Amino acid sequence: MRRITGKAKDETLIELQDTADSQATEECSGNGSLSERALLPGNTETDKLRPSKDTVFFRDGVRRIDFVLSYVDDKDGEKKQERRREFEANLKKEGLELETEDKSNSKDQKTYFLKIHAPWDVLAKYADVLKIKVPFKESDIPHGQDVPLEWLSHPIRLPEHIMHPQPDYFTYPFDKGKIDFFLINDKDTFFPPSTRNRIVYYILARCPYYKEGQKDKDKTGIKRLLSNGTYTTAFPLHDCQYWKRARNAECESERYNLYMHWARFLCFYKEQPLNLIRKYYGEKIGIYFAWLGFYTEMLFFAAVMGLICFTYGVLSYDDNISSKEICDADTGGNILMCPLCDKKCPFWKLNSTCLSSWQSHLFDNEGTVFFAIFMGIWVTLFLEFWKRRQAQLEYEWDLVDFEEEQQQLQIRPEFEIRCTNRRLNKITQEMEPYLPVPSKCARFCLSGVTVLFWICLIVACIIGVIAYRLAVYAAFASIIKDPMRRIQLVGRFITPQLATSVTASCINFVIIMILNFFYERVAVWITDMEIPKTHLEYENRLTMKMFLFQFVNYYSSCFYVAFFKGKFVGFPGGYSYMFGEWSKLRNEECDPGGCLIELTTQLVIVMAGKQLWGNIQEALLPLIRNYWSSRKGRHNPENHYSRWEQDHVLQNFSQLGLFYEYLEMVIQFGFITLFVASFPLAPLLALFNNILEIRVDAWKFTTQFRRPVASKARKIGAWQEILNAVAILSVVTNAFIMAFTSDMIPRLVYLYAYSEDSSMKGYINNSLSIYNISQIRLRNMPEDDWTVNSTITCRYRDYRYPPGHQKEYTHTMQFWHILAAKMAFIIIMEHVVFVVKFFVAWMIPDVPSGVKARIKRERYLIQEYLHNYEREKIKLQLSANFITEPQSQMSLTPDTYETLTECL
């Protein structure tokens, strides 16, 4: 029977070796040569003989450090000393063993470190309480089957000991009354470090620090001690330095393995060692990286298809008849367009928008319709296949029945402390804390009003940005006066429409970042105020608040450009204004090439800007902070710079750290699904970002953050429902974008219903209505004097009858035909995509059949082994009774013996 950790019993903890042995050890572990170590300052003969402080064990070299608390003496020292004294005394009563490092031994000569070790009895007690699953039999089910052409995947594979750091076992919740039922070969290594620090943190979070006999519920838990400054930090230790293996043979050096095979960017094409991530950081972080990796893999297919659609737009560049007509001097050059704004904007020639029309064709073509339908189906495949992958991980990581069994064990200490009312639990028949209904309703109302206020604030900011767009367009248009009355150019290739769109998008992005900064703190505050009962409930509530705000914050500007801009413009004789005519803010018209290119611009700026800013925050900020915290850490000799000091200067990974990682990716998911019809290259940008994101997150976890407390999670939580909602909404938004934002439907109606030769020739002239210049009101006319030789009319984008017609300036029948075609397209596209989505979801089972079989086999084996275990236990008890009691008293009648045999 193998040990779970794979370590041999005879490996020593700390050993002072002779020179030759020491050199061999350091060369094998990658610590560098002795000549390199000789260059380090302070590396004297005395240092060589001194045991290394870069260790995860107590001074005796036997007891492992499971948690570290740090504190400093300050002005309020007496009160804090009293709290620490009571807290540490209560920790000892729980059975934990403590060891203090004096401040004279620390690098800054100010910080004390309290090292905590959980002995076997404590671990066994709380493993029983927490129902932690542990192995009782090595699995007889192979990892996987041989796949054809498996050799093609060899370049991305990692070594077997990295992908599977421990054998696969059948597991059962720990029971300290059945110790001999489990595969316990060495009690010191039976529980891995991640499980040990999880148990210790559970104790720390519930341990009081009031004096005996003075029951004060507020004085409970390490979180409160951290908030009032009694302790400065609380963290489990990394097992070694990330750039080299631990010198101690008992240290697993898992951090080093994670860095070498996962966290370096040069490993970007390699698979992720999910089992090792889970073993080192816990299931909650493991499931995040599993989801992020799977999402990135699925993005590859969307990126390829988007690139194909974009390539089609490039290759069909020369076949774009509409753009040729706009650019043609005899067609577009002879069409005089009405002013796009009041006073400041002149009349302009249509061919001045030649470049814009070519740019629009790259994204607004026949391939875009196909890509929008494809993405609707891709989203369904992604979500359904993720459910299968998630079910597989639930089984492999012993999370199948986790939530049902652990719900009560996840009660937040804050809930227990702040809820003083008690009531009887009908299931457990024990008194438990609860929040009264009136208090709960009041808190929810205040929370809802706060969220609504911030959403209204976003809407107000968006209205302000729209007003900026309306006001600044005239300013851009009047920068340079063109005597030929062509549309004014800012620079060589930028029209006033594009300049307005770019600057407004940048301003909107800055506003988004500022609002995010403040709302994140408000959301945490109001969620704390609600006092959720469990950690899962807390995260779900915060998730819904944050996503609702972020949804409005990030997507509102894109919704405006896609569905409102250019739709309520009016016509030269009756323009519409944002706040009425007194405001002089005339509603925006779309770029002559259509509104889709402006939506593309908005999407690229906000999406790319968010990803760039996110990577800067995630990579540079922790690096800069750690650099300033300790600029000498890596250059100090190990025996002068202890393991707890090295981890102490790293950044703390907060409980909500993963929340922001998920939020960033789900916002990105919205960009590539809700508005992908306007920018087929969005999945490609997301793919490149995610490849970098995985390695940045891995590098950050491995090198810049303290080791997080391991915690369990069987799935991605409320994010799953949010993704489902975004997937359904994306079908609707893309259908409306293709119908109302793109020019695809008007072109198709013209091609099949109005073209004389079944071609796109004449489409531009057909799509522009005529207006009599003499009928334009004075307030809408350009300020400068102008003359147009024998030209008495101008053109504008709409389908209205010309001047002199019986129904002049009212919508033509073609307008209603196009509107009917748009509505029909929306209904058909939505129904087709939804039918395919639901059919695919029905066809793909959420749990693979192989996983179902494994779960059934494990449950069968548990019952069988427990039955055999109880039988053997009864036999041993009976045998002991036969031996110890007198033979005369143990004489059994044949009937009694037969009954006992049947029971066994």
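As a further point, take the overall build of the protein. Counting its secondary structure elements, the protein contains 30 helices and 14 strands. Relative to its full complement of 904 residues, the protein shows a buried share of 52%. Counting contacts in the protein only where the partners sit at least 6 residues apart, residues at least 24 apart contribute 78% of the total. Summed over all atoms, the accessible surface of the protein reaches about 43,200 Å², with 59% contributed by carbon and sulfur.

Of all 10 residues in helix α5 (residues 120–129), 7 are buried; the element is thus mostly enclosed. Buried within α5 are the following residues: W120, V122, L123, A124, Y126, A127 and D128. Where α5 is buried, its residues touch α7 (187–190) and α8 (193–206). Once α5 ends, the next one or two residues include K131, with phi positive near 55 degrees.

Burial of helix α11 (residues 274–281) is extensive: 7 of the 8 residues sit out of reach of the surface. Within the span of α11, buried status applies to L274, L276, I277, R278, K279, Y280 and Y281. Looking at the buried residues of α11, the elements they touch are α6 (160–163), α8, α10 (254–263), α12 (283–315), α15 (366–396) and α24 (682–704).

What follows concerns the pairing of strand β3 (residues 111–117). Most of β3 is tucked away: 7 of the 7 residues are buried. Note that strand β1 (residues 67–72) and β3 share 6 bridges and pair antiparallel. By the bridge assignment for β3, V72 is matched with T111.

Moving on, we come to the packing of aromatic side chains. Under the counting rule described, the total for this entry stands at 69 aromatic pairs. Ring geometry for F67 against Y201: centres 6.0 Å apart, planes inclined by 25 degrees, an arrangement best described as stacked. Taken together, the positions of F67 in strand β1 and Y201 in helix α8 put the pair 134 residues apart, joining distant regions of the chain. The class of F67 is buried, set by a relative accessible area of 0%. For Y201, a relative accessible area of 25% translates into the label partly exposed.

Moving on, we come to the sheet that holds strand β6 (residues 233–235). The strand order across the open sheet formed by 4 strands is β2-β3-β1-β6, and the pairing between neighbours is antiparallel. The open sheet has two edge strands, β2 (97–101) and β6, and neither has a second partner. Recorded for the sheet is a direction-independent mean angle of 20 degrees between the axes of neighbouring strands. As paired elements, β2 and β3 share 5 bridges and run antiparallel to each other. If you follow E101 over to β3, its bridge partner there is F113. Packing of helix α4 (residues 77–93) onto the sheet brings it into contact with β1, β2 and β3, and relative to β1 it is tilted by some 165 degrees.

Mapped onto the elements of the fold, D66 is located in the loop between α3 (45–49) and β1. By relative accessible area, which is 3% here, D66 ends up buried. In this structure D66 touches I116, H117, A118, R196, N197, V200 and P236, once residues within four positions along its chain are discounted.

What follows is about the nonpolar core. One finds W291, Y295 and W378 to be the most contacted residues of the largest nonpolar core, which totals 146 residues. Ranked by the residues each element gives to this core, the list is headed by α12, at 16 residues. In this view, W291 contacts F382, W386, Y662, M665, I716 and L723; residues no more than four positions away in its chain are not counted. Ranked by size, the runner-up nonpolar core spans 45 residues in total, among them L91, L96, A124 and F136.

Further remarks concern the packing of helix α25 (residues 718–741) against helix α28 (residues 813–843). Interhelical geometry of α25 versus α28 gives an angle of 155 degrees and a closest axis separation of 9 Å. With respect to α28, the axis of α25 lies roughly antiparallel. When you trace α25 past α28, the crossing you get is right-handed. Of α28, the residues touching α25 (which contributes A727, I728, V731, V732, N734, A735, F736, M738, A739 and F740) are L819, K822, M823, F825, I826, M829, E830, V833, F834 and K837. Residue composition of the contact of α25 with α28, grouped by class: 16 nonpolar, 1 polar and 3 charged.

Another aspect to go through is a nonpolar patch on the surface. Together, L612, W613, I616, L620, L623 and I624 make up a nonpolar patch on the protein surface, roughly 550 Å² of accessible area in all. Note on placement: I616 falls in helix α21 (residues 596–629).

Charged atoms that come close allow side chains of opposite charge to pair. This model, assessed by the stated rule, comprises 32 salt bridges. Where K565 meets E598, a salt bridge forms, and the shortest distance between an N and an O atom there is 1.8 Å. Taken as a pair, K565 in the loop between α20 (535–563) and β11 (570–571) and E598 in helix α21 lie far apart in primary sequence, 33 residues in all. Like E598, K565 is buried. Several salt bridges converge on common partners, so that one network encompasses R59, E99, E101 and K115.

Enumeration according to the criterion identifies 3 disulfides in this entry. Here C327 is linked by a disulfide to C354, with a sulfur-sulfur distance of 1.8 Å. Torsion about the S-S bond of the C327 and C354 cystine: about 95 degrees, corresponding to right-handed handedness. Here C327 is found in helix α13 (residues 321–327), whereas its partner C354 is found in helix α14 (residues 354–363), with 27 residues between them in sequence. Disulfide pairing places C341 opposite C345 at an S-S distance of 1.7 Å. When the S-S torsion is 95 degrees, as for the bridge of C341 with C345, the disulfide is right-handed. The residues C341 and C345 share a single accessibility class, namely buried.

Let us now look at the side chain of E99. Following the sequence through the fold, E99 ends up in strand β2. Among the polar contacts listed, one links the side chain of E99 to the backbone nitrogen of R59, at a separation of 3.2 Å. Those residues in contact with E99, other than ones at most four positions away along the chain, are F58, R59, R63, F113, L114 and K115.

Quick look at unusual backbone geometry now. Positive phi values are uncommon outside glycine, yet S253 reaches one of about 55 degrees. Here S253 shows up in the loop between β6 and α10. Positive phi is not limited to glycine here, since D398 has a value of about 60 degrees. For D398, a relative accessible area of 14% translates into the label buried.

With that out of the way, let us pick up the packing of α12 against helix α23 (residues 657–674). Look at α12 against α23: their axes get within 11 Å of each other, and the N-to-C directions meet at 20 degrees. Between α12 and α23, the angle falls in the class roughly parallel. Between α12 and α23 lies a crossing whose hand is left-handed. Only L658, E661, Y662, M665, Q668, F669 and I672 of α23 make contact with α12, whose side of the interface consists of K284, I285, I287, Y288, W291, L292, Y295 and L299.

Turning next to the confidence of the model for the protein. Low pLDDT marks stretches whose predicted atomic positions should not be read closely. Residues of the protein with pLDDT of at least 70 account for 84%, and the chain-wide mean is 80. Within the model, pLDDT remains below 50 along residues 480–492, and this stretch shows 30 contacts once partners closer than five positions in the same chain are excluded.

Attention now moves to the environment of S316. For S316, the position within the fold is in the loop between α12 and α13. Considering only alpha carbons, one finds S316 and H361, 45 residues apart in sequence, at a separation of 8.7 Å. At 2.8 Å, the side chain of S316 and the backbone oxygen of Y312 are in polar contact.

Here we take up the environment of I691. Along the chain, I691 falls in helix α24. Sequence-wise, I691 and F268 are 423 residues apart; in three dimensions their C-alpha atoms are separated by 6.5 Å.

Mapped onto the elements, F265 comes out in the loop between α10 and α11. Residues F265 and L692, 427 residues apart in the sequence, show an inter-C-alpha distance of 7.6 Å. If we skip the residues at most four places from it in the chain, F265 touches L692 and R695.

Thresholds, definitions, all that
- Residues numbered from 1 in each chain as written.
- Predicted model: local features only at pLDDT ≥ 70, side-chain atom pairs only at ≥ 80, totals over all residues.
- Heavy atoms only, no water.
- Helix = DSSP H or I, 4+ residues; strand = E, 2+ residues; numbered from the N terminus.
- Buried < 20%, exposed > 50% of the residue type's maximum accessible area, 1.4 Å probe, protein only.
- Contact = heavy atoms within 4.5 Å.
- Areas by Shrake-Rupley, 256 points an atom, 1.4 Å probe, with all protein chains shown as cover.
- Pairing = 2+ DSSP bridges.
- Phe/Tyr/Trp six-rings, centres within 6.5 Å; stacked < 30°, edge-to-face > 60°.
- Axes fitted to C-alpha atoms, helices over the stretch in contact; angles between N-to-C directions.
- Core = buried A, V, L, I, M, F, W, Y, C linked by side-chain atoms within 4.5 Å.
- Parallel < 35°, antiparallel > 145°, perpendicular 65-115°, else oblique.
- Left-handed = near helix turned anticlockwise from the far one by under 90°.
- Nonpolar A, V, L, I, M, F, W, Y, C, P; charged D, E, K, R; others polar.
- Patch = residues over 30% accessible without salt bridge, like charges linked within 9 Å, V, L, I, M, F, W, Y side chains within 5 Å.
- Salt bridge = Lys/Arg side-chain N within 4 Å of Asp/Glu carboxyl O.
- Disulfide = S-S within 2.5 Å.
- Polar contact = N/O pair within 3.5 Å; in protein donor to acceptor, adjacent residues only side chain to side chain.
- pLDDT = per-residue confidence, 0-100.

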